[in-house]
Amino acid sequence: MPPIGEFGRPPSLPDHEGAPVVSPMYWMYELGQASLTPARAFADATRLMFQSPLNPFTTTEFGKSVAASCEVFERTTRRYGKPEWRIDRTDVNGVSTPVEVRTVWEKPFCKLLHFRRKFLRPLREPQPRVLIVAPMSGHYATLLRGTVEAFLPNHEVYVTDWVDARMVPVAMGRFDLDDYVDYVIEMLHALGGHVHVVGVCQPSVPVLAAVSVMEARHDPFVPASMILMGGPIDTRRNPTAVNTLAAEKGMDWFRNNVISKVPFPHPGFMRDVYPGFLQLTGFVSMNFERHLEAHRKLFDNLVKGDGDLVEKHREFYDEYLAVMDLTAEFYLQTVDEVFVKHALPKGELKHRDALVDPSKIRRVALMTVEGENDDISGIGQTEAAHDLCTSIPAERKVHYMQKGVGHYGVFNGSRFRAEILPRISDFIASVEVAGETSAAAE
């Protein structure tokens, strides 16, 4: 099933609809995982046996093939846990600097992480502070590991670390798009102002909504700038397969077919969610042949003993196959508001019954980034933010379209590091200089 992990607000599930009405697929998935446990254990033991130096078959084609088959089976049937950040150091001005990851703000569905660089000597001038709002669309925030690593040498970096909904007890309450916007506002308050917020993909809409709400309230803690990257601000422009799926299926179909209750013994037992394994099915089905070929190559490289290629495969899929559940109310609201109703570009999006008006934004600079080959957020969908933010002066708006990259290339990879990030850094620096000039004038 194709994924719709990037925004909205339909009515939540009626209170009278209990477990028998909601799809039991999650419970069946857990049963399947449990039934495969002995097979995975047997495969792992067999792999170790055929890799043992005491086994005479270890160096034979047969032995290598058996070990490779067992590893491929075990890896394709396991449930992947949340990956580690694995960011211990960064280079700042040519000096290798230790990095400490700390939680500086926390609520039930999110933690705000600070990648604190532990300098031996203070910097001559403080570097810009950047709040990276990670997508809440299936994968963990660690999907942005490369993004964080690229920002760290020249910025003070904070990242939203969203919590898997199946790990949040029902007693902790709901989480929908309104809550998402509130979380962004509270994090900006916690950082004390003068920060640059970066919305990567799905967060572009709630980030724009949060800044609009803050400007309407004359909030002193508005960010200095917002950078929106590959986000579905207006999905009517160059709609992709992801964009059109919601309109074709209708909201009732999503409520009845992709929402399930978290089974025992997870902490979020009986919470209505869009399960991570269903999202993963959608991710994989979009490029099924490519993933199949990647695992065939894994088998060949295991037999050949090509450790470097095997390790690259493991690193990528350990991240790619690790998915989290989304709360049903957030997912359904996102699909409805962003992909079905197009509420934000139509001027109809509301935050807690108050209209979200991007034209109220005056103090915040705007940069949008798109990828030429983006098959999730088509060209023009993110750029649409410029048409909504009519009160931002033209000299404080920038749009950049990167040629030759798809959706993930907008915020990760060699093109991001070499071509996109330098432009973002220059934009942030120009905003910093403009802010200092304005303060001096006052």
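Scroll up to find the structure this text is about.
So, a few notes on the structure that sits alongside this text. (Residues numbered from 1 in each chain as written. Predicted model: local features only at pLDDT ≥ 70, side-chain atom pairs only at ≥ 80, totals over all residues. Heavy atoms only, no water.)

Helix length check: helix α1 (residues 25-51), at 27 residues, gives a terminal C-alpha distance of 37 Å against a target of 39 Å (1.5 Å per residue), a fit within 8%. The largest bend in α1 amounts to roughly 35 degrees and is located at Thr37, with the proline Pro38 lying one to four residues further along. Met25, Tyr26, Glu30, Gln33, Arg40, Ala43, Thr46, Arg47 and Phe50 are the residues of α1 that are buried. Packed against the buried residues of α1 are α2 (61-77), α7 (251-257), β8 (260-261), β9 (272-274) and α8 (276-286). (Helix = DSSP H or I, 4+ residues; strand = E, 2+ residues; numbered from the N terminus. Expected span 1.5 Å × (residues − 1). Bend = angle between axes of the 7 residues up to and from the residue. Buried < 20%, exposed > 50% of the residue type's maximum accessible area, 1.4 Å probe, protein only. Contact = heavy atoms within 4.5 Å.)

Attention now moves to the side chain of Glu156. You can see Glu156 is positioned in strand β5 (residues 156-162). In this structure the side chain of Glu156 is engaged in a polar contact, spanning 2.7 Å, whose partner is the side chain of His114. With sequence-adjacent residues up to four places away left out, Glu156 is seen in contact with His114, Phe115, Arg116, Arg117, Gln127, Pro128, Arg129 and Val130. (Polar contact = N/O pair within 3.5 Å; in protein donor to acceptor, adjacent residues only side chain to side chain.)

Attention now goes to the pairing of strand β3 (residues 110-117). Looking along a regular strand, one sees side chains alternate from face to face of the sheet. Counting buried residues in β3 gives six out of eight residues, a clear majority hidden from the surface. The pairing of strand β2 (residues 95-107) with β3 spans eight bridges and is antiparallel. Paired with Thr103 across the strands is Leu113, a residue of β3. Here β2 folds back onto β3, and the loop between the two strands holds two residues. (Pairing = 2+ DSSP bridges.)

So, on to the nonpolar core. Ranked by internal contacts, the top residues of the largest apolar core, which has 118 residues, are Phe115, Leu131, Ile132, Trp162 and Met229. Take this core: its biggest share by element is nine residues, from helix α4 (residues 177-191). Apart from residues no more than four positions distant in its own chain, Leu131 is found in contact with Leu112, Tyr158, Thr160, Met187, Leu188, Leu191, Val195, His196, Val197 and Val198. In terms of nonpolar packing, the next biggest core, distinct from the first, is built from six residues, Val72, Leu302, Val303 and Val310 among them. (Core = buried A, V, L, I, M, F, W, Y, C linked by side-chain atoms within 4.5 Å.)

Quick look at the environment of Asp375 now. Looking at the secondary structure, you find Asp375 in the loop between β13 (365-371) and α13 (384-388). The spacing of Asp375 and Asn243 is 132 residues in sequence and 9.7 Å in space, taken between C-alpha atoms. For Asp375, the contacting residues outside a window of four places in its chain are Thr240, Val242 and His407.

The grouping of Trp27, Val170, Phe264, Phe269 and Met270 at the surface amounts to a nonpolar patch, some 480 Å² of accessible area in total. Within the secondary structure, Met270 is located in the loop between β8 and β9. Of the residues examined, Met270 reaches a relative accessible area of 32% and is grouped as partly exposed. (Patch = residues over 30% accessible without salt bridge, like charges linked within 9 Å, V, L, I, M, F, W, Y side chains within 5 Å. Areas by Shrake-Rupley, 256 points an atom, 1.4 Å probe, with all protein chains shown as cover. Salt bridge = Lys/Arg side-chain N within 4 Å of Asp/Glu carboxyl O.)

Bridging between strand β1 (residues 89-92) and β2 involves four bridges; their strand directions are antiparallel. Each residue of the ladder has a partner; that of Arg89, found in β2, is Pro98. Between β1 and β2, which pair antiparallel in sequence order, lie two residues; one of them, Asn93, sits at a positive phi of approximately 55 degrees.

Positionally, Arg40 belongs in helix α1. There is a polar contact of 2.8 Å between the side chain of Arg40 and the backbone oxygen of Thr77. Among all residues touching Arg40, those that are not within four sequence positions of it are Gln33, Phe73, Glu74, Thr77 and Arg78.

All right, on to the pattern of salt bridges then. Within the structure shown, the criterion is met by 25 salt bridges. The salt bridge partner of Lys107 is Glu186, with a shortest N-O separation of 3.1 Å. With Lys107 in strand β2 and Glu186 in helix α4, this pair connects stretches of sequence that are 79 residues apart. Here Asp179 makes a salt bridge to Arg352, at a shortest N to O gap of 2.8 Å. Residue Asp179 is found in helix α4, and its partner Arg352 is found in the loop between β11 (350-351) and β12 (354-355); the two are separated by 173 residues along the sequence. You can call Asp179 buried: its relative accessible area is 17%.

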